[in-house]
Amino acid sequence: MQQIRAMRVPDIIDRKAGGKLVMLTAYDFTMARLLDRHADILLVGDTLGCVVQGHDTTLKVTLEQMIYHAGMVSRGADRALVVADLPFGTYQQGPPQALQAALRLVKESDVSAVKLEGGESVCESVRAITAAGIPVMAHLGLTPQSFHAFGGNKVQGRDAQSAARLQRDALALQQAGAFALVLEAIPAALAQEVSRRLAIPTIGIGAGPHCDGQVLVINDMIGLNSSRAPMKFNKEFCAVREAIDRAAAEFAGEVRCGAFPAPENSYAAVVGG
Ligand code: KIV
């Protein structure tokens, strides 16, 4: 059965008028359950390639893996809109390939919308996907699938020429039918100007305070990652890594000295059974 969630695409667009949008990434059922009542949008990001799979970039993530994770998140979300990334290599060949990948994500994992990266070059694909009734979230600025073209994860739109191109791309994506736009790692003033000019909401990550919403990668937000080089835009709102480390050390200590399991963690035989 198709899951109908409380937050729908028109609700997200309406928030342009006021009330900041909250988006977090999620990659499994348990985390989706925990975040569902706090986030307006749960993004099954292809960052799972880094924070779940341990790769250095998002480039190796496959459509099958996205479908697998997005299905888990969909089952955990009653309220938040669930959006999933089209991974690298599943839409760069053009509209037919993009539409086919988007159809599979929606049919097989029950997400309400897809996200893809890029500007004018992906507008025809955005048109094809939205024409099929699938809402599209766009993504500009530091688009991690262009890791090699950018020469790393670098702040974008700092000079006048690239700032002007980003503004053109943003307007073109809106024109093509995108319902929201992620702006990643660009100067705050540029994000403010793009947000002012667009009728659709912008959701920032490292794009300053003037976007219509904010997103963080959940593993970064809860302080779970130790290996990834932290980007300046992240803020750790709690220290889960340390909490897990302490708990695991305590468990190991109790197992080794015989304190765990205690009688209350053990089963007695049924008398006369
Ligand atoms: O893949 C992802 O998690 C993302 C967010 C960083 C916006 O695209």
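Up top is the structure these notes are about.
> What exactly am I supposed to notice about the nonpolar core here?
What tends to happen in soluble globular proteins is that the nonpolar side chains get buried as a cluster. Counting residues in hydrophobic clusters, the biggest one holds 77 residues, and the most contacted among them are Leu105, Leu181 and Leu183. Looking at which element gives the most residues to this core, the answer is helix α8 (residues 160-176), with six residues. Residues in contact with Leu181, not counting those within four places in the same chain, are Ala138, His139, Leu140, Ala170, Leu173, Val194, Leu198, Ile200, Pro201, Thr202 and Ile203.

> What exactly am I supposed to notice about the pattern of salt bridges here?
It is possible for side chains bearing opposite charge to pair when their charged atoms get close. What the rule picks out here adds up to 11 salt bridges. Its salt-bridge partner being Arg15, residue Asp40 comes within 3.0 Å of it at the nearest N-O pair. Here the residue Asp40 occupies a position in the loop between α2 (29-35) and β2 (41-44), and Arg15 occupies one in the loop between α1 (9-14) and β1 (21-25), the gap between them amounting to 25 residues. Overlapping salt bridges, with partners in common, bring together Arg15, Asp40 and Arg79 in one network.

> Just checking my understanding: could you explain the site of the ligand for this structure?
Around the ligand, a shell composed of Thr25, Leu43, Gly45, Asp46, Thr47, Asp85, Lys115, His139, Val182, Glu184, Ile205 and Val217 is seen. Interatomic distance of 3.1 Å between a side-chain N/O atom of Asp46 and an oxygen atom of the ligand. Within the contact set of the ligand, an oxygen atom lies 3.0 Å away from a side-chain nitrogen or oxygen of Asp85. Expressed as a share of its isolated accessible area of 260 Å², the protein-covered part of the ligand is 98%. A class-by-class count of the residues in the shell around the ligand yields four nonpolar, four polar and four charged.

> What am I meant to see in helix α9 (residues 188-197) here?
Listing the buried residues of α9 in full gives Leu190, Ala191, Val194 and Ser195. Looking down the long axis of α9, one finds its buried residues gathered within 135° of arc, a one-sided arrangement. When the buried face of α9 is taken as reference, the exposed residues oriented beyond 90 degrees from it are Ala189 and Arg196. Tucked into the core, α9 has its buried residues touching α8, β6 (180-184) and β7 (202-205).

Definitions and cut-offs
- Residues numbered from 1 in each chain as written.
- Predicted model: local features only at pLDDT ≥ 70, side-chain atom pairs only at ≥ 80, totals over all residues.
- Heavy atoms only, no water.
- Core = buried A, V, L, I, M, F, W, Y, C linked by side-chain atoms within 4.5 Å.
- Buried < 20%, exposed > 50% of the residue type's maximum accessible area, 1.4 Å probe, protein only.
- Helix = DSSP H or I, 4+ residues; strand = E, 2+ residues; numbered from the N terminus.
- Contact = heavy atoms within 4.5 Å.
- Salt bridge = Lys/Arg side-chain N within 4 Å of Asp/Glu carboxyl O.
- Near = heavy atom within 4 Å.
- Polar contact = N/O pair within 3.5 Å; in protein donor to acceptor, adjacent residues only side chain to side chain.
- Areas by Shrake-Rupley, 256 points an atom, 1.4 Å probe, with all protein chains shown as cover.
- Nonpolar A, V, L, I, M, F, W, Y, C, P; charged D, E, K, R; others polar.
- Arc of directions from axis to C-beta.

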